[in-house]
Structures are given as C-alpha cells and as structure tokens.
Amino acid sequence: MSRLRDTGAALAVAMLVVLAPVPAAAQETGKPMTIRLEPKAMDGIDMGKAVVVKGLAGPTPQRFLLDGISYMNPVGVVVRPVETGDEIALAVTKYAWNQPLREGATDRDPLRFLFRTEGEFQVSVSAEDAGTPYRLLVWVGDETKPDFAPVVVEASAYDGDGGGGGFPWLWGLVGLLALAVVAMAVLLMRRKRA
C-alpha cells in the first residue's frame with residue numbers, strides 16, 4: 001500500500017508539471033458551477049487515468065464532480081498554485097458540498113489527498129483573491145485485484161489425517177461435559193423429591 005501511495009504521489013506531482021492542462025470553464029460571480037471531469041489515459045501514465053485542470057480560483061468555489069469510481073480504484077487529487085505565495089484551498093466531499101471529508105490549503109507545495117471511494121466524489125477549489133491561477137490533477141488508478149487464498153481446499157492438498165472425524169480429545173471432552181450435565185440433573189431431581 002505504501003508503494004502504491006508513493007507511486008501515486010510521484011505521478012501526481014510529475015503530471016502537474018508536464019501534462020497539458022484543460023482550462024476550467026468560466027463561471028458567473030457568486031454562483032458556483034459544477035463541472036463533470038472524465039479522466040482519460042495519458043502519455044506517461046502507466047497505471048490509471050487522469051485529468052488536469054488549469055483554472056482561475058476565487059472566493060466562489062469552482063466545483064468538479066467525478067463518478068463511476070469503484071472502491072478498488074485508488075484516487076489521487078492534487079492542487080498547486082501557479083505562482084508561489086498564492087493560497088489555494090481544496091476540499092473533497094462525498095455527498096454535501098458544505099461537509100468536506102478532507103480539506104486544506106497550499107501556497108507553495110502541491111497539496112495532495114490519496115483515498116478510495118465508491119460511486120462519486122466532488123472537489124472544490126477556491127482562493128481569497130479572484131483570478132488566482134491554479135493547476136488541479138485528479139488521478140484514478142487501475143482497479144486493484146487482491147489475491148485471496150482459496151476458502152475451499154481439495155482433500156488431496158490437505159496435510160492432516162484425511163478428515164477422519166476431528167480431534168479425538170475434543171470428542172472425549174464433549175462426552176465428559178455431557179456426562180457431568182446428566183449427573184447434575186439426576187442430583188437435582190433427587191433433592192426435589194426429598
């Protein structure tokens with residue numbers, strides 16, 4: 001998992017610098033607009049798909065929506081200001097825009113969140129000053145396929161006694177407990193008669 005996290009982080013930072021950004025659409029002042037993002041395969045990305053957004057943040061948040069995500073897909077969201085010193089705020093939400101699950105701000109180094117989710121999630125980017133340039137990267141990794149050990153083992157592969165009825169001492173213990181219960185019941189019945 002740590003290797004996947006390091007790989008995702010390295011990809012995210014490299015892609016913010018190298019890839020050609022997609023400009024964010026203009027929005028009316030005071031009215032947040034939601035843009036649906038669709039990650040696509042890109043040159044230089046061996047695992048997963050990504051989308052890069054080039055935008056101008058302001059007090060009115062720019063909102064982005066991604067859907068069709070499986071819990072088996074690792075997700076990375078990275079934002080960075082174009083000019084050092086500009087503060088860019090990033091919030092990741094699941095259901096309500098005003099209830100961020102992860103949030104933070106950056107003024108120099110890229111801010112990144114790595115997580116897993118099912119279905120859809122939203123990203124909101126804002127800044128105190130209108131027209132603050134930023135770059136946003138959303139990376140959706142390939143679906144991981146865990147290697148589970150089989151639940152059922154063939155009899156020929158079993159190294160035990162061949163399934164001959166269990167442990168003999170366990171059956172002896174069960175017999176002793178049953179005998180003790182019967183003896184207690186007999187003693188209680190005799191006391192009630194007296």
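Residues numbered from 1 in each chain as written. Predicted model: local features only at pLDDT ≥ 70, side-chain atom pairs only at ≥ 80, totals over all residues. Heavy atoms only, no water.

Undergrad: Honestly, the sheet that holds strand E4 (residues 62-69) in this entry has me stumped. Any pointers?
TA: Sheet strands line up and pair through hydrogen bonds in the backbone, either parallel or antiparallel. Spatial strand order, E2-E4-E9-E6-E7: five strands in an open sheet with mixed pairing. The open sheet has two edge strands, strand E2 (34-36) and strand E7 (102-106), and neither has a second partner. The sheet shows a mean angle of 20° between the axes of neighbouring strands, taken without regard to direction. Both E2 and E4 contribute to a ladder of three bridges, which runs parallel. The residue of E4 that forms the bridge with Ile 35 is Phe 64. (Pairing = 2+ DSSP bridges. Helix = DSSP H or I, 4+ residues; strand = E, 2+ residues; numbered from the N terminus. Axes fitted to C-alpha atoms, helices over the stretch in contact; angles between N-to-C directions.)

Undergrad: I tried to follow the pairing of strand E6 (residues 88-93) on my own but got confused; where do I start?
TA: Sheet faces and side chains relate simply in a regular strand, where the side chains alternate between the two faces. For E6, the buried fraction is high: five of the six residues fall into the buried class. Here five bridges tie E6 to E7, and the two strands are oriented antiparallel to one another. Its bridge partner being in E7, Ala 89 is matched across the sheet by Ala 105. Sheet topology note: the E6/strand E9 (residues 119-126) ladder contains five bridges and is antiparallel. What sits directly across from Ala 89, in E9, is Ser 126. (Buried < 20%, exposed > 50% of the residue type's maximum accessible area, 1.4 Å probe, protein only.)

Undergrad: Honestly, the environment of Trp 97 in this entry has me stumped. Any pointers?
TA: Within the secondary structure layout, Trp 97 lies in the loop between E6 and E7. Trp 97 sits 34 residues away from Arg 63 along the chain, and the two C-alpha atoms are 8.8 Å apart. Residues contacting Trp 97, with those up to four places away along its chain left out, are Thr 34, Arg 63, Phe 64, Gln 122, Val 123 and Ser 124. (Contact = heavy atoms within 4.5 Å.)

Undergrad: Sorry, what's going on with the nonpolar core here?
TA: Most often, soluble globular proteins keep nonpolar side chains buried together rather than apart. If you look at the biggest cluster of nonpolar residues, it comprises 24 residues, and the most contacted ones within it are Val 77, Leu 90, Phe 121, Val 125, Tyr 134 and Leu 136. Elements that contribute at least two residues to this core include exactly strand E3 (49-57), E4, strand E5 (75-81), E6, strand E8 (111-115), E9 and strand E10 (132-140). For this core, the element with the most residues is E10, which contributes four residues. Counting residues in each nonpolar core, the second largest holds six residues, with Ala 50, Val 52, Val 78 and Trp 139 among its members. (Core = buried A, V, L, I, M, F, W, Y, C linked by side-chain atoms within 4.5 Å.)

Undergrad: Help me understand a negative patch on the surface in this model?
TA: A grouping of Glu 87, Asp 107, Glu 128 and Asp 129 is seen on the molecular surface, where their side chains present a negatively charged patch. Within the secondary structure layout, Glu 128 lies in the loop between E9 and E10. Taking the relative accessible area as the measure of exposure, Glu 128 reaches 68% and is therefore exposed. (Patch = residues over 30% accessible without salt bridge, like charges linked within 9 Å, V, L, I, M, F, W, Y side chains within 5 Å. Areas by Shrake-Rupley, 256 points an atom, 1.4 Å probe, with all protein chains shown as cover. Salt bridge = Lys/Arg side-chain N within 4 Å of Asp/Glu carboxyl O. Lys, Arg positive; Asp, Glu negative; His and termini not counted. Charge placed at Lys NZ, Arg CZ, Asp CG, Glu CD.)

Undergrad: Would you explain the packing of aromatic side chains in this entry?
TA: Two aromatic rings are characterised by how far apart their centres lie and by the angle between their planes. Taken as a whole and judged by the stated rule, the model has one aromatic pair. Here the aromatic rings of Phe 115 and Phe 121 are separated by 5.2 Å at their centres, their planes lie at 90°, and the arrangement is edge-to-face. Accessibility classification places Phe 115 together with Phe 121 in one group, the buried group. (Phe/Tyr/Trp six-rings, centres within 6.5 Å; stacked < 30°, edge-to-face > 60°.)

Undergrad: Could you clarify how one ought to interpret helix H2 (residues 168-193) in this entry?
TA: Helical geometry note: an α-helix holds 3.6 residues per turn, so side chains three or four residues apart project in the same direction. Along its 26 residues, H2 runs 38 Å from first to last C-alpha, staying within 8% of the 38 Å computed at 1.5 Å per residue. Across the 26 residues that make up H2, only a small minority, zero, are buried. (Expected span 1.5 Å × (residues − 1).)

Undergrad: Looking at this structure, I do not really get the pairing of E5. What am I missing?
TA: Counting buried residues in E5 gives six out of seven residues, a clear majority hidden from the surface. As paired strands, E5 and E8 are joined by five bridges and run antiparallel to one another. Following the sheet pairing, Val 77 is matched in E8 by Phe 113. Both E5 and E10 contribute to a ladder of seven bridges, which runs antiparallel. If you follow Gly 76 over to E10, its bridge partner there is Trp 139.

Undergrad: Would you explain the side chain of Ser 70 in this entry?
TA: Topologically, Ser 70 is positioned in the loop between E4 and E5. Ignoring any residue separated from it by four or fewer positions in sequence, one finds Ser 70 in contact with Thr 117, Glu 118 and Glu 143.

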